[in-house]
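Examination of the molecular architecture
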Amino acid sequence: MDRVAITNRIGNKYHTANIEGGEYSYVAAAGSKARLTKLLGHEYKHYKLDIRFEKDDVVVLVETKQNFTVDDESQLEAYLEEERAVHKSKKVICVLANTTNDKIKVWQSSMDEEHVLPKETVLDEMDHYIHLFELSKSNDRERVLRNTYKLNEMLHKKDIDEKLRSQFVGTILLHIKKLINAWGFHLIGTEAIKKMDDYLNNMTSVQSIRSEIQDTLSELLDGSDNKTEKINLLQKNVLGDQKVKKLNKAEWQEVFDTILTDIYKYIDSESDEGQDILNLFFIAFNKYTGKADKNQAFTPDHITDFMCKMTDVDCRKKVLDPTCGSGSFLVQAMVKELADARRGKTEKTAKEAMCNVKKKNIYGIEVEEKAYGLSTTNMLIHSDGNSNIIHASCFDSADFIKRANPDIILMNPPYNAKPKSIPDSYKTNWGNSIDGKEDPTKGLVFIHFLSDIIKQMNEESKAPKTVKLAVLLPLQCAIGTSKIIRAEKAAMLQDNTLEAVFSLPGEMFYPGSSVNACCMLFTLGQPHVKSDGKSRSTFFGYCKDDGFVKKKNLGRVEQFDSKGHSKWKAIEDEWLTLFEQKKVIDGKSAVQVVGANDEWLCEAYMKTDYTRLTEADFQQTLNNYLSYLVKEGIVYES
């Protein structure tokens, strides 16, 4: 991009040339060569910057080259030093730009690896660079987790019903977000807190507070096909709840202040990391408030992230979660798609692509009323994307699924669904289990149903397609030998390929569900047995260690090494690399041809890496066995 095009793109009216040719001389800005030398405290080598832009307290420094190299960075860094010497209070963006193509490299505030902006790959307008300095909240994961626990304890003392708390907090968070944006605050400090207190003090009654929250929800849901139903549910289940109505003005103020200063303050919802932490907050809160039901399995944020990457979620894919619960998979998929939609585009062009993602790429179904309301709230907090979430059973939503025409299905189905909620056509071989208390397939029937829908779509289509389906299921589905489970596994292999199965950490859902789960990946629409009669091989991953540890009142918490690098990120990269390459590593992975009667877990096929065993491992096994013997009363201490 030549200099004229660069100037026009960032904004000609902000161009601050002070010498002929459109360049910016720091000698001229300082007043003389001697003055610039004095301000710097040393002799200078370069002083003519190619292009400089300024608006308010932000400047953008652009140095152009035909094809810049690392060596050119020192020249731009010299201009940054001179900028700081001459204009001490300015916030600075530094850009190296090629004139032979559109390649750029961007830094914010300082020119080192810590301050390089790898996502800035396209030259943008001046207002975009100003916006980079407005993203000032801290994205503090552990602080958000600690404060989430405290918030739950506070609501418990105020007698807010446990099942209501997540959505109650979510609706208030939405209202706070609207107010803060309207007031123009980018940093939550004393001024923002005072403004919130003044706002609440000016309310004539608690009814006024509830009405304002409802108005916010109504405004945010404009354009949603089922807006009325969603508003009515939120009104009935949250704002109209008798215990919520009993809150006095002082209690409302305490709730608002706590959410603002302990949660919202530490989440930059405009960044990818902030969106992830926002989802982490929702999942953590659901776990604290769902402890009474050990069958509730709220999927951890890092596992939804892994499953999105495994299925190659990007802004060109339509994603469906047919049992979406609070919306964790949909949020994670949307965050990934929005980030991809921004990549390589100007802010204006990216907004159009992001709007398309929210309107056309995210689809969800949820049958349980409160969870449906929660998923709507969750998506609104994460910048919308709620329009294509419906309140229904997935078994009654075949037409909706066909219209969605998904490329990827992500799900964590209920493992204890009532048999009466499942179509009779899937229960012909259930025997007495047809009248049982819970689904004997442990969730397999849900993916069987989806397989049948995709099969119908392909039979009706002139262009058949395959669909990636990643699902969390209990270990019984992988190792179960019951007639019903074997029949479901056989049905899945008839029309679909079992691509991979990952054995996941034993306490993955802690606190909350105690179920042990695995992740299965299918390609729907591609039979497991090829046309030549040979079965396709399946990758098995032993992913029991994800680098998280349990902490009191926090659940399972991500760990970092001495350099501050996430242990999980390194582990995730390894899992994905082994899977993509179908690589066999002792103690970590296996590749095997399996059928319906085989075990679908890595432990059955993986070789042990004996070089990793230590004397401590042997002693721990003995200790565990002794504890078991004492617990069962087989051995006594005396």
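Provided above is the structure to which this section pertains.
The following refers to the structure shown. This one's a predicted model, so the numbers in the text were calculated from it and none came from an experiment.

1. Some points on the overall build of the protein chain
The helix and strand tally for the protein chain stands at 23 helices and 17 strands. At 28 Å, the protein chain has a C-alpha radius of gyration in line with the 26 Å of a compact globule built from 638 residues. Viewed in the frame of its principal axes, the protein chain has a C-alpha envelope of about 95 × 70 × 65 Å. In the protein chain, which comprises 638 residues, the proportion classed as buried is 52%. Contacts in the protein chain between residues at least 24 apart in sequence constitute 72% of all its contacts with a sequence separation of at least 6. As presented, the protein chain carries roughly 29,600 Å² of accessible surface, and 48% of it is formed by carbon and sulfur atoms.

2. Regarding the sheet that holds strand β5 (residues 91–98)
Taken in spatial order, the 4 strands line up as β3-β4-β5-β6 in an open sheet, and their pairing is mixed. Each of the sheet's edge strands pairs with one partner strand only, and the pair in question is β3 (51–55) and β6 (104–108). Neighbour-to-neighbour, the strand axes of the sheet open up by a mean angle of 15°, direction not taken into account. Sheet analysis places β3 next to strand β4 (residues 58–65), joined by 5 bridges and oriented antiparallel. Bridge pairing in β4 links I51 to V62. Along the sheet face, helix α1 (residues 3–10) touches β3, β4 and β5 and points at about 10° away from the line of β3.

3. What to know about the packing of helix α7 (residues 165–183) against helix α12 (residues 249–262)
The contact between α7 and α12 brings their axes to 10 Å, and the two run at 70°. Comparing their axes, α12 and α7 come out roughly perpendicular. Within the contact between the two elements, α7 uses F168, V169, I172, L173, H175, I176 and I180 and α12 uses W252, V255, F256, I259 and L260. Residues of the contact of α7 with α12, tallied by class, amount to 11 nonpolar, 1 polar and no charged.

4. Examining the state of the cysteines
Tallying each qualifying case throughout the model produces 0 disulfides. Counting only cysteine sulfurs, C324 is the nearest neighbor of C394, a cysteine outside any disulfide, at a range of 11 Å. When its relative accessible area of 4% is taken as the criterion, C394 is described as buried. Of all cysteine sulfurs, the one in C518 lies closest to C477, which takes part in no disulfide; the gap is 6.9 Å.

5. Examining helix α23 (residues 615–631)
In this model, α23 (17 residues) spans 24 Å end to end at C-alpha, consistent with the 24 Å of a helix rising 1.5 Å per residue. Where α23 ends, the next residue or the one after it, G633, has phi of about 80°, a positive value.

6. Regarding the packing of aromatic side chains
Counting across every chain of the model gives 18 aromatic pairs. The structure contains a cluster of three or more aromatic residues connected by ring pairs, namely F306, F502, F539, W568, W575 and F579. Across from the ring centre of Y24, 4.5 Å away, lies the NZ or CZ of R52, which sits over that ring. Over the ring of W600 we find K489; its NZ or CZ atom is 4.6 Å from the centre of that ring.

7. Details of the sheet that holds strand β8 (residues 362–366)
The 9 strands lie next to each other as β9-β8-β7-β10-β11-β13-β12-β14-β17, forming an open sheet whose pairing is mixed. Across the chains shown, the open sheet's two edge strands, defined by having one partner strand only, are β9 (389–391) and β17 (589–592). Shown here is a sheet whose adjacent strand axes are inclined to one another by a mean of 20°, direction ignored. Pairing between strand β10 (residues 408–411) and strand β11 (residues 467–474): 4 bridges, direction parallel.

8. Overview of the packing of helix α19 (residues 444–460) against helix α21 (residues 483–495)
At a minimum axis distance of 10 Å, the contact between α19 and α21 shows a crossing angle of 25°. Classed by the angle they form, the pair α19 and α21 counts as roughly parallel. Here the hand of the crossing between α19 and α21 comes out left-handed. Along the contact surface, α19 presents L444, V445, I447, H448, S451 and K455, while α21 presents I485, E488, K489, A491, M492 and D495. Considering only residue class, the contact of α19 with α21 consists of 6 nonpolar, 2 polar and 4 charged.

9. Quick look at the side chain of D124
Note that D124 resides in the loop between β6 and α5 (126–132). It turns out D124 is buried and unbridged, and the closest side chain with the opposite charge, R9, is 6.3 Å from it. From its side chain, D124 meets the backbone nitrogen of E347 in a polar contact 2.6 Å long. Setting aside residues up to four positions removed in sequence, D124 forms contacts with R9, I10, Y129, K345, T346 and E347.

10. Describing unusual backbone geometry
Positive phi is not limited to glycine here, since K442 has a value of about 55°. Residues other than glycine seldom take positive phi values, yet K582 does so here, at roughly 45°. Relative to the assigned elements, K582 resides in the loop between α22 (567–581) and β17.

11. Some details on a negative patch on the surface
Together, E77, E81, D112, E113 and E114 make up a region of like negative charge exposed at the surface. When you line up the elements, D112 lands in the loop between β6 and α5. Looking at D112, the relative accessible area reads 32%, which means it is partly exposed.

Conventions we followed
- Residues numbered from 1 in each chain as written.
- Predicted model: local features only at pLDDT ≥ 70, side-chain atom pairs only at ≥ 80, totals over all residues.
- Heavy atoms only, no water.
- Helix = DSSP H or I, 4+ residues; strand = E, 2+ residues; numbered from the N terminus.
- Rg over C-alpha atoms; globule rule 2.2 N^0.38 Å.
- Buried < 20%, exposed > 50% of the residue type's maximum accessible area, 1.4 Å probe, protein only.
- Contact = heavy atoms within 4.5 Å.
- Areas by Shrake-Rupley, 256 points an atom, 1.4 Å probe, with all protein chains shown as cover.
- Pairing = 2+ DSSP bridges.
- Axes fitted to C-alpha atoms, helices over the stretch in contact; angles between N-to-C directions.
- Parallel < 35°, antiparallel > 145°, perpendicular 65-115°, else oblique.
- Nonpolar A, V, L, I, M, F, W, Y, C, P; charged D, E, K, R; others polar.
- Disulfide = S-S within 2.5 Å.
- Expected span 1.5 Å × (residues − 1).
- Phe/Tyr/Trp six-rings, centres within 6.5 Å; stacked < 30°, edge-to-face > 60°.
- Lys NZ or Arg CZ within 6 Å of the ring centre and 35° of its normal.
- Left-handed = near helix turned anticlockwise from the far one by under 90°.
- Lys, Arg positive; Asp, Glu negative; His and termini not counted.
- Salt bridge = Lys/Arg side-chain N within 4 Å of Asp/Glu carboxyl O.
- Polar contact = N/O pair within 3.5 Å; in protein donor to acceptor, adjacent residues only side chain to side chain.
- Patch = residues over 30% accessible without salt bridge, like charges linked within 9 Å, V, L, I, M, F, W, Y side chains within 5 Å.
- Charge placed at Lys NZ, Arg CZ, Asp CG, Glu CD.

Shape is all these values report; function is a separate question.
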